Amino acid sequence: MSKILVTGGAGFLGSNLCARLVREGNEVICADNLFTGSLDNIRELMGQPGFTFLEHDVAEPFDVQADQLDQLDQIYNLACPASPPYYQSDPVKTAKTSVFGIINMLELARRCHARILQASTSEVYGDPQVHPQPESYRGSVNPIGIRACYDEGKRMAETMMFDYHRMYDVDIKVIRIFNTYGPKMNPKDGRVVSNFIVQALRGEDLTIYGDGSQTRSFCYVDDLIDGMVRMMNSAEGFCGPVNLGNPGEFTMLELAQKVAAVTGSRSQFVFKELPSDDPVRRKPVIELAEKELGWEPKVGLEEGLGKTAEYFRELLNA
Ligand code: NAD
Ligand code: UDP
């Protein structure tokens, strides 16, 4: 049993991670400011022994007196809005969450001698000029564009992780997550999978941005969480960064067609303006995760969309 802090633990990935860590008998502290997360996501964990919720903004340091945070073994740093409409709604705050947030968590890790994992992102590759993307690719981010608050914030967080490792010997793990979807996504989150499924279930038009030819690789949440936990518990000295994602690559038009088929929806497709700096293609090279973590995704897109649609159907009916 370990004592584990999960920041962003009331969000989509965080709540799935907390549920798994509690199930495995760990003592879990979930810290979240509830910006995009929700107490509904952790409702079933609230009464369970070993689970604690702390309302906290990671851009602020933790109270050093908080004895709950003594002797942590592990810190998963997931706190950061991940959906473009949310992270662009207050870009200055998004950058502070990533940069001040990781500094505060690294200071905490240093003080507790805890291992720390940073949830980085495929967005560090920007609009990639190399396809598919291996970890060695250094990326193509527009530093002054509307996605930069997120992309550059995450790049800076990776920099801080490796600088604390080199300067203070903090035990670090960095994963670069590619688009992940599944139960516990917020129906109003604004990301493509939740938008399409909710629109399809409501019989509304599916909103395709641009001509729908841009691609993404979609990973089902259970696969992603499995990779994340494997990385956290990997051999000391293996810091990453390591890509975690499903290499299946689909256009947004193909995704819309799959969602329509899985939900049995007769929704029409409508084409809307493409947001600026929207990456054209994205697909992970996952050889490093296969080799170092013995990890590869198992859930295909149709199966995962089916499970996710089931979740949203129940949520919308409730
Ligand atoms: P999410 O928006 O559902 O979860 C983020 C959580 O962080 C929310 O609960 C939110 O309230 C919390 N949060 C935001 N700002 C905070 C702050 N200042 N202090 C404390 N809590 C704060 O998003 P998600 O998809 O679960 O993403 C989780 C992490 O994984 C994020 O760091 C994101 O960048 C990263 N990631 C996710 C994906 C994906 O496809 N889901 C891809 C790449 C990276
Ligand atoms: N997208 C879309 N319709 C939507 C929401 C998003 O066509 O209703 C597109 C978006 O422009 C992008 C892709 O889907 O090309 C993935 O968007 P998402 O916000 O899910 O993730 P990200 O762009 O951060 O990879």
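The structure we're discussing is the one just above.
About the criteria used
Along each chain, numbering runs from 1 in the same order as the chain's sequence is written. Think of it this way: whatever chain is written first is A, whatever ligand is written first is 1, and the rest follow in order. pLDDT decides what is reported in this predicted model: residues at 70 or higher carry local features, side-chain atom pairs at 80 or more are listed and counted, and totals for whole chains, interfaces and linings draw on all residues regardless. Derived side-chain values reflect all non-hydrogen atoms in the structure, with water molecules and hydrogen atoms excluded from consideration. Think of it this way: any DSSP run of H or I at least four residues long counts as a helix, any run of E at least two long counts as a strand, and we number them from the N terminus. Radius of gyration here is computed from C-alpha atoms only, and the compact-globule reference equals 2.2 Å multiplied by the residue count raised to the power 0.38. Between buried and exposed lies partly exposed: a residue is buried under 20% and exposed over 50% of the maximum accessible area for its type, with that area taken using a 1.4 Å probe on protein chains only. Contacts: residue pairs with any heavy atoms within 4.5 Å of one another. In this description, accessible areas are obtained by the Shrake-Rupley approach with a 1.4 Å probe, and a residue is regarded as covered only by the protein chains that are shown. In this tally, Lys and Arg are treated as positive and Asp and Glu as negative; His is ignored, and so are the chain termini. In this description, the location of a charge corresponds to atom NZ of lysine, CZ of arginine, CG of aspartate or CD of glutamate. Summary of the distance rule: residues count as near a molecule or strand when at least one heavy atom falls within 4 Å of that molecule or strand. The term polar contact refers here to a pair of N or O atoms within 3.5 Å; inside protein, the definition further demands a hydrogen-donor-capable atom paired with an acceptor-capable atom, and it admits residues adjacent in sequence only when both atoms are side-chain atoms. Classification used: nonpolar for Ala, Val, Leu, Ile, Met, Phe, Trp, Tyr, Cys and Pro, charged for Asp, Glu, Lys and Arg, polar for all others including Gly. As a rule, the C-alpha atoms of each element are fitted with a line to give its axis, helices using only the stretch in contact, and angles between N-to-C directions run from 0 to 180 degrees. Roughly parallel refers to an angle under 35 degrees, roughly antiparallel to one over 145, roughly perpendicular to one between 65 and 115, and oblique to any angle outside these ranges. Each crossing is labelled by how the near helix is turned from the far one, with a counterclockwise turn of less than a right angle marking it left-handed and a clockwise turn marking it right-handed.

A separate point is the overall build of the protein. What the protein contains, in helices and strands, is 10 helices and 13 strands. In summary, the protein has a C-alpha radius of gyration of 19 Å against a globular reference of 20 Å for 318 residues, a match within 12%. Across its three principal axes, the protein shows a C-alpha extent of roughly 55 × 45 × 40 Å. Here the protein holds 318 residues, and 54% of them are scored as buried. Pairs at least 24 residues apart make up 80% of the contacts formed inside the protein by residues separated by at least 6 positions. Carbon and sulfur atoms make up 49% of the accessible area of the protein, which amounts to about 13,800 Å² in all. Put simply, the protein has 32 plus and 44 minus side-chain charges, and the middle of one group is 2 Å from the middle of the other.

Now for the site of ligand 1. Taken together, the neighbourhood of ligand 1 is formed by 29 residues, with Leu-13, Asp-32, Thr-36, Tyr-150 and Thr-180 sitting nearest. Between a nitrogen atom of ligand 1 and a side-chain N or O atom of Asp-57, the distance comes to 2.9 Å. For ligand 1, whose accessible area on its own is 820 Å², the fraction buried by protein is 97%. Sorting elements by how many residues they give to the shell around ligand 1 places strand E5 (residues 115–121) first, with three residues. By residue class, the composition of the shell around ligand 1 is 14 nonpolar, 11 polar and four charged.

Attention shifts here to the packing of helix H6 (residues 192–202) against helix H8 (residues 252–263). Contact geometry for H6 and H8: axes closest at 10 Å, N-to-C directions at 40°. Between H6 and H8, the interaxial angle falls into the category oblique. The handedness of the crossing between H6 and H8 is right-handed. Along the contact surface, H6 presents Val-192, Val-193, Phe-196, Ile-197, Ala-200 and Leu-201, while H8 presents Met-252, Leu-255, Ala-256, Val-259 and Thr-263. Tallied by class, residues from the contact of H6 with H8 come to 10 nonpolar, one polar and no charged.

Read these as geometric descriptors, not functional statements.
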